[in-house]
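Geometric and topological summary
This is what each chain is made of:
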Amino acid sequence: MSVKHPIIAITGSSGAGTTTVRHTFQQIFRREQITAAIIEGDAYHRYDRAEMRRRLAEAQRQEQTSFSHFGPEANLFEEVEALFQGYGETGTGTTRKYLHSAEEAAPYGQEPGTFTPWEPLPEPTDLLFYEGLHGAVKTETVDAARHADLLIGVVPIINLEWIQKLHRDKISRGHSQEAIVDTILRRMPDYVNYICPQFSLTDINFQRVPTVDTSNPFIARDIPSADESMLVIRFRNPRGIDFPYLLSMLKDSFMSRPNTIVCPGGKMALAMQLIITPLIWQLMDRKKKAH
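Counting restarts for each chain: residues are numbered from 1 in the order of the written sequence. In keeping with the predicted nature of the model, local features appear solely for residues at pLDDT of at least 70, side-chain atom pairs appear and are counted solely at 80 or more, and the whole-chain, interface and lining totals rest on all residues. Hydrogen atoms and water are omitted, and side-chain values are computed over all heavy atoms in the structure.

1. Some points on the pattern of salt bridges
Salt-bridge detection follows one rule: a side-chain nitrogen of Lys or Arg within 4 Å of a carboxyl oxygen of Asp or Glu. Per the stated rule, a full pass over the model turns up twelve salt bridges. Glu51 is the partner of Arg54 in a salt bridge, and the nearest nitrogen-oxygen pair spans 2.7 Å. Taken together, the positions of Arg54 and Glu51, both in helix α2 (residues 49–61) and three residues apart, correspond to about one turn of that helix. Between Glu51 and Arg55 there is a salt bridge, with the nearest N and O atoms lying 2.7 Å from each other. Of this pair, Glu51 and Arg55 are both found in helix α2, four residues apart, which corresponds to roughly one turn of the helix. Numbering of helices and strands starts at the N terminus; helices are DSSP runs of H or I of at least 4 residues and strands are runs of E of at least 2.

Here it is in structure tokens:
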């Protein structure tokens, strides 16, 4: 952890509300006039889209059933940790972008599904902001989590995650239900071993829980909306959190445990603003005192 060069890492699966998180942080950074080095977790996949497809096909031929985007074989965990450690010590580092779409790729004159070259982070920056799958990754050889000053998990319950994946991959990517279910099953060992453990290391978790029936996610006709959900917010260390203030500001919220507050799903952006803004003030105060 660094006092001079703070690191905030958001870890969570896509579709968990990570877009809301990114927009909320961008608003806070703008309002507080904070210059952040923005890091996209997808930049630390090991393979571009074409190579990943080849590797997946090869894994299937060899009946290797657990090769996925979630695990160490397909990701640069060491580089994530090295970035965090280096930025914490010097406020510098290198990163790249993964170009998801033709629209993202056009300015670089590259194909979608490829990486841009590694480049230095802009300087100077006030903090590093990582958002992706592995911001709190910890294995036998890698521990990115220990270098972050604020770790936030954003995760839906798994049935909701599956519903979101089924809908997204069918509609926007044209995949068959069988292919999507195969992907879900193939990812499960890596999800259990490399994704779930991160949410025990995070300082705060935001978990969306539907209040409608999702008992068979494979036949769900639509994705439960924010208004059809509750948001469970868990603090690893509740000391210093002003729960009476949060309860008064978040209508219809309540405490389910001494370190857990529950509020309507549509309040996610507001809850994040209320909870995270004071924590960023603390990081910036520590940074000023250290310089």
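There is more to say after this.
2. Section: the environment of Thr214
If you trace the backbone, Thr214 turns up in the loop between β9 (204–210) and β10 (229–235). On the basis of relative accessibility, which here comes to 10%, the residue Thr214 falls in the buried class. The spatial distance from the C-alpha of Thr214 to the C-alpha of Ala271 is 25 Å, given a sequence separation of 57 residues. Setting aside anything within four residues of it in sequence, one finds Thr214 in contact with Asn159, Ile163 and Pro224. Residue exposure (1.4 Å probe, protein chains only): buried if accessible area is under 20% of the type maximum, exposed if over 50%, otherwise partly exposed. Whether two residues are in contact is decided by their heavy atoms: any pair within 4.5 Å suffices.

3. Focus: the packing of aromatic side chains
For Phe, Tyr and Trp, rings pair up if their centres lie within 6.5 Å, where Trp contributes its six-membered ring, and each pair is then called stacked (planes under 30 degrees apart), edge-to-face (over 60) or tilted (otherwise). Here the structure, examined in full by the defined rule, presents ten aromatic pairs. Through a chain of ring-to-ring contacts, three or more aromatic side chains come together here, namely Phe25, Phe29 and Phe129. Just above the ring of Phe115 sits the side chain of Arg96; from NZ or CZ to the centre is 3.6 Å. Against the face of Phe70 rests Arg187, its NZ or CZ located 4.6 Å from the ring centre. Either the NZ atom of lysine or the CZ atom of arginine qualifies as a charge over a ring when it sits within 6 Å of the ring centre and within 35 degrees of the ring normal.

4. Here's the deal with the packing of helix α5 (residues 158–171) against helix α6 (residues 177–195)
Here, axes are lines fitted to C-alpha atoms. For helices the fit covers the stretch in contact, and angles between N-to-C directions go from 0 to 180 degrees. Direction vectors running N to C along α5 and α6 enclose 140 degrees, while the axes themselves pass 10 Å from each other. Taken as axis vectors, α5 and α6 run oblique relative to one another. With respect to the hand of their crossing, α5 and α6 are arranged in right-handed fashion. Facing α5, whose interface residues are Ile158, Glu161, Trp162, Lys165, Leu166, Asp169 and Lys170, α6 presents Gln177, Ile180, Thr183, Ile184, Arg187, Met188 and Tyr191. Nonpolar residues are Ala, Val, Leu, Ile, Met, Phe, Trp, Tyr, Cys and Pro. Charged residues are Asp, Glu, Lys and Arg, and all others, Gly as well, are polar. Tallied by class, residues from the contact of α5 with α6 come to seven nonpolar, two polar and five charged. An angle counts as roughly parallel when it lies under 35 degrees, as roughly antiparallel when it exceeds 145, as roughly perpendicular when it falls between 65 and 115, and as oblique in every other case. Each crossing gets its handedness from the near helix: less than a right angle anticlockwise from the far helix is left-handed, clockwise is right-handed.

5. As for the sheet that holds β10
Pairing is mixed across the open sheet formed by eight strands, whose spatial order is β2-β7-β1-β8-β9-β10-β12-β11. The open sheet terminates on both sides in strands that have one partner only, identified here as β2 (36–40) and β11 (254–257). When the angles between neighbouring strand axes are averaged without regard to direction, this sheet yields 20 degrees. Pairing between strands is defined by DSSP: at least two bridges between them are needed. Sheet topology note: the strand β1 (residues 7–11)/strand β8 (residues 150–156) ladder contains four bridges and is parallel. Bridged to Ala9 within β8 is Leu151.

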